[in-house]
Amino acid sequence: MHHQWAPYPPLGWNSWDCYGAAVREEEVRGNAEYMAEHLQAFGWEYVVVDIQWYEPGAVSSAYRSFVPLEMDEYSRLIPAVNRFPSAAGGQGFKPLADYVHSLGLRFGIHMMRGIPRQAVHQDTPIKGTTVTARQIAHPNSICPWNTDMYGVDASQEGAQEYYDSLFELYAEWGVDFVKVDDIAASRLYDTHLPEMQLIRRAIDRCGRPMVLSLSPGPAPLEYHEQFAANANMWRVTDDFWDLWPLLHAMFERCEKWAPHVAEGRWPDCDMLPLGHIGIRSVDGGGSDRWTRFTRDEQLTMMTLWSIFRSPLMFGGELRDNDAWTLSLLTNNEVLQANRSSRNARQVFRDEQDRIVWTAEQEGSEDRYVALFNAGDEDAVVRVTLEQLNIDGAVQLRNLWERSDAGVVQGEIEVKLAPHGAAFYRLSRV
C-alpha cells in the first residue's frame, strides 16, 4: 500500500544543509513560497523541517546536549513556539502545514527514533494506555550523536501505542512526509528493524498517507528487502556534503543499490548541497558558504542522482539561488530521466575512472547514457553502441545543453573536464 504514496522519487527542500537544527518558521515559509513560484511546475513539492524543531535554544547543527525540549502531556515532542510562532496554543505544526498545503505543496518533518529521555526521566504517560514512558524505553539503545532520545523496546506493552499516538498527532497536523533518523544505520547497534516495523504500522493506522524516509546511512545492503517492505526511501550514505571524495564514493554505492530501485522504493543518495548552504550549520567541514562543488561536480552529482533515480532534496537556501543553481533544478529533460527512466546500471568503470551509466525511458525505445570523468585530469570518455546493446544509428540529445548533438553510429565520445559529466538521451533514427 505505502509504495503508491511515492510512485516517483520525491523532490523537495530540506532545512538541514543551510539551517542545521535551528530553522525558524519564517524561513520555512519563505522557502515554500520560492518552491511554489519557481519549482512546483517542475515536480518539486516537499517542504521538510529537519531535526530538533522541538528545541527552543537550537542555534546550529551542533546539538546542545541534555537540554529541555518542548513536549506535550503524552510524551510527544512538539514545536518550539519561539521558533514556530504559529504552533502556539497547542496547534503544533498544523498552521504551518496548512500554509504549505495552500501553496499546493506537501509538508514534512524530521523525527528521531525512540522516546524523549526527559519523558522517561519524568515517567510521563503514553496516550491511550496505562503505560508510562519508562516502561517502554530501552535506555541502552541511544543515538551516538544526539542526546534527545532513548530507543523504544518493541517487545513492551505500550510500544506500538506510543508510535501510534505520534503518527495520530502528525496526521492531525497534516504531515505528508516523515524522515526518521537514527534508524537505517547505527554506529552502535546496526539497523533498528523492530522500531522500523512499529513506525510502519503506526503510519498505516493513522489514516493519512505519509512518505517514510529512513536515515542515516549507509543503510546495509543486506536489509534491502526490509527497507522496501517498510519505507519509501532510505539513505545509502552517511551525511553527504559538498566534498569531491564523498561524491566520488557515491558511484560505487549507486552501482550496488541500482538493482533495488523500484516504484515507491527509493535508495536515497541524500540531500543536494547546492547553492547557499551552511548558514547555521557547521557540518561538512564548513560554515556559511556557497557550495564548494565546481560546476562540473554539480553536473556530475545531478546526473548521477537523476539516472540512478535518487530522491532529490535540495539543501540550500532557495531564495538565494542564482541562475545557474536554478537551472540545475528546472531542466525538464534531466528531471524526466529521474522521474520515469528504468533499469539504471553502470556499463563500465575503467582504471582511469571513466564511468558510463545507462537506463531506458519508460514507454519508449529511447535510452539514456551518462558519461563521467571521475579522474583528476581532462579525459575523453567513449562508449560503443554495442556496449549499450544498440544496433544502428541513434540521434543524440544533450540534456544539460538542451540541444541536439547529431546522429552517431558506432560510438559516443566526449571530452570531459575533471569530475565532469555529459548526459544524453538516445533515440533511434
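Keep in mind that this is a model prediction, so the values were computed, not measured.

Chemist: Quick rundown of the packing of helix H9 (residues 244-257) against helix H10 (residues 295-308)? Include the residues and the values.
Modeler: Taken N-terminus to C-terminus, the directions of H9 and H10 make an angle of 15°; their axes are 11 Å apart at the nearest point. Of the possible angle classes, the one that applies to H9 and H10 is roughly parallel. As for how H9 packs across H10, the hand of that crossing is left-handed. In contact with Trp244, Leu247, Met250, Phe251, Cys254 and Trp257 of H9, H10 contributes Glu297, Thr300, Met301, Leu304, Trp305 and Phe308.

Chemist: Could you give an account of helix H2 (residues 25-39), with specific residues and numbers?
Modeler: For H2, which comprises 15 residues, the first-to-last C-alpha distance of 20 Å matches the rise-based estimate of 21 Å (1.5 Å per residue) to within 8%. Here H2 has its buried residues at Glu25, Glu27, Val28, Gly30, Asn31, Ala32, Tyr34, Met35 and Leu39. Here the buried face of H2 lies against strand E1 (11-14), helix H1 (16-19), strand E2 (46-49), helix H3 (94-102) and helix H11 (323-329).

Chemist: A description of the packing of aromatic side chains should follow, citing residues and the corresponding values.
Modeler: One pass over the structure, following the stated rule, counts 20 aromatic pairs. Plain terms: the ring middles of tryptophan 53 and tyrosine 54 are 5.2 Å apart, the flat faces sit at 75° to each other, and that makes the pair edge-to-face. On the basis of relative accessible area, tyrosine 54 is assigned to the buried category, the value being 1%. Through pairs of rings, three or more aromatic residues link up here, namely Trp53, Tyr54, Phe84, Phe93, Phe107, Phe167, Tyr170 and Trp173. Above the plane of the ring of tyrosine 99 lies arginine 29, whose end atom (NZ or CZ) is 4.6 Å from the centre. The ring centre of tyrosine 8 lies 3.6 Å from the NZ or CZ of arginine 339, which sits over that ring.

Chemist: Any details on the side chain of serine 213? Residues and values, ideally.
Modeler: Tracing the backbone shows serine 213 in strand E8 (residues 211-214). Since its relative accessible area comes to 3%, serine 213 is described here as buried. For serine 213, the contacting residues outside a window of four places in its chain are Phe177, Val178, Lys179, Val180, Met233 and Asp268.

Chemist: How would you summarise the pairing of strand E16 (residues 367-373) if you had to cite specific residues and measurements?
Modeler: Across the seven residues of E16, seven count as buried, placing the element largely inside the fold. Here E16 shows two buried faces, one formed by Arg367, Val369, Leu371 and Asn373 and the other by Tyr368, Ala370 and Phe372. Two strands pair when backbone bridges link them, and strand E15 (residues 354-361) and E16 are joined in this way by seven bridges, in the antiparallel orientation. Looking across to E16, one finds that tryptophan 357 is bridged to alanine 370. Hairpin connection, E15 to E16: the antiparallel pair is bridged by five residues, and glycine 363 has positive phi, about 70°. Strand direction decides the pairing type here: E16 and strand E21 (residues 420-428), joined by seven bridges, are antiparallel. Among the inter-strand pairings, valine 369 is bridged to a residue of E21, identified as tyrosine 424.

Chemist: Just give me the short version of the pattern of salt bridges, but keep the residues and values in it.
Modeler: What the rule picks out here adds up to 32 salt bridges. Of the charged contacts, one joins glutamate 168 and lysine 127 as a salt bridge, the two residues approaching to 2.8 Å between their closest N and O atoms. Of this pair, glutamate 168 sits in helix H6 (residues 159-173) while lysine 127 sits in the loop between helix H4 (117-122) and helix H5 (133-136), and the two are 41 residues apart along the sequence. Note on glutamate 168: relative accessible area 32%, which makes it partly exposed. According to the relative accessible area criterion, lysine 127 is partly exposed, its value standing at 28%. Look at the salt bridges and you will find they share partners, linking Arg24, Glu26, Glu27 and Arg280 into a network.

Chemist: Describe the environment of tyrosine 19, and please don't skip the residues or the numbers.
Modeler: Mapped onto the fold, tyrosine 19 is located in helix H1. Residue class for tyrosine 19 comes out buried when judged on its relative accessible area of 5%. Through-space distance from the C-alpha of tyrosine 19 to that of aspartate 322 is 19 Å; in sequence the pair is 303 residues apart. With sequence-adjacent residues up to four places away left out, tyrosine 19 is seen in contact with Trp13, Glu27, Asn31, Ile279, Arg280, Glu317 and Arg319. At 2.4 Å, the side chain of tyrosine 19 forms a polar contact with the side chain of glutamate 317.

Calculation rules
- Residues numbered from 1 in each chain as written.
- Predicted model: local features only at pLDDT ≥ 70, side-chain atom pairs only at ≥ 80, totals over all residues.
- Heavy atoms only, no water.
- Axes fitted to C-alpha atoms, helices over the stretch in contact; angles between N-to-C directions.
- Helix = DSSP H or I, 4+ residues; strand = E, 2+ residues; numbered from the N terminus.
- Parallel < 35°, antiparallel > 145°, perpendicular 65-115°, else oblique.
- Left-handed = near helix turned anticlockwise from the far one by under 90°.
- Contact = heavy atoms within 4.5 Å.
- Expected span 1.5 Å × (residues − 1).
- Buried < 20%, exposed > 50% of the residue type's maximum accessible area, 1.4 Å probe, protein only.
- Phe/Tyr/Trp six-rings, centres within 6.5 Å; stacked < 30°, edge-to-face > 60°.
- Lys NZ or Arg CZ within 6 Å of the ring centre and 35° of its normal.
- Pairing = 2+ DSSP bridges.
- Salt bridge = Lys/Arg side-chain N within 4 Å of Asp/Glu carboxyl O.
- Polar contact = N/O pair within 3.5 Å; in protein donor to acceptor, adjacent residues only side chain to side chain.

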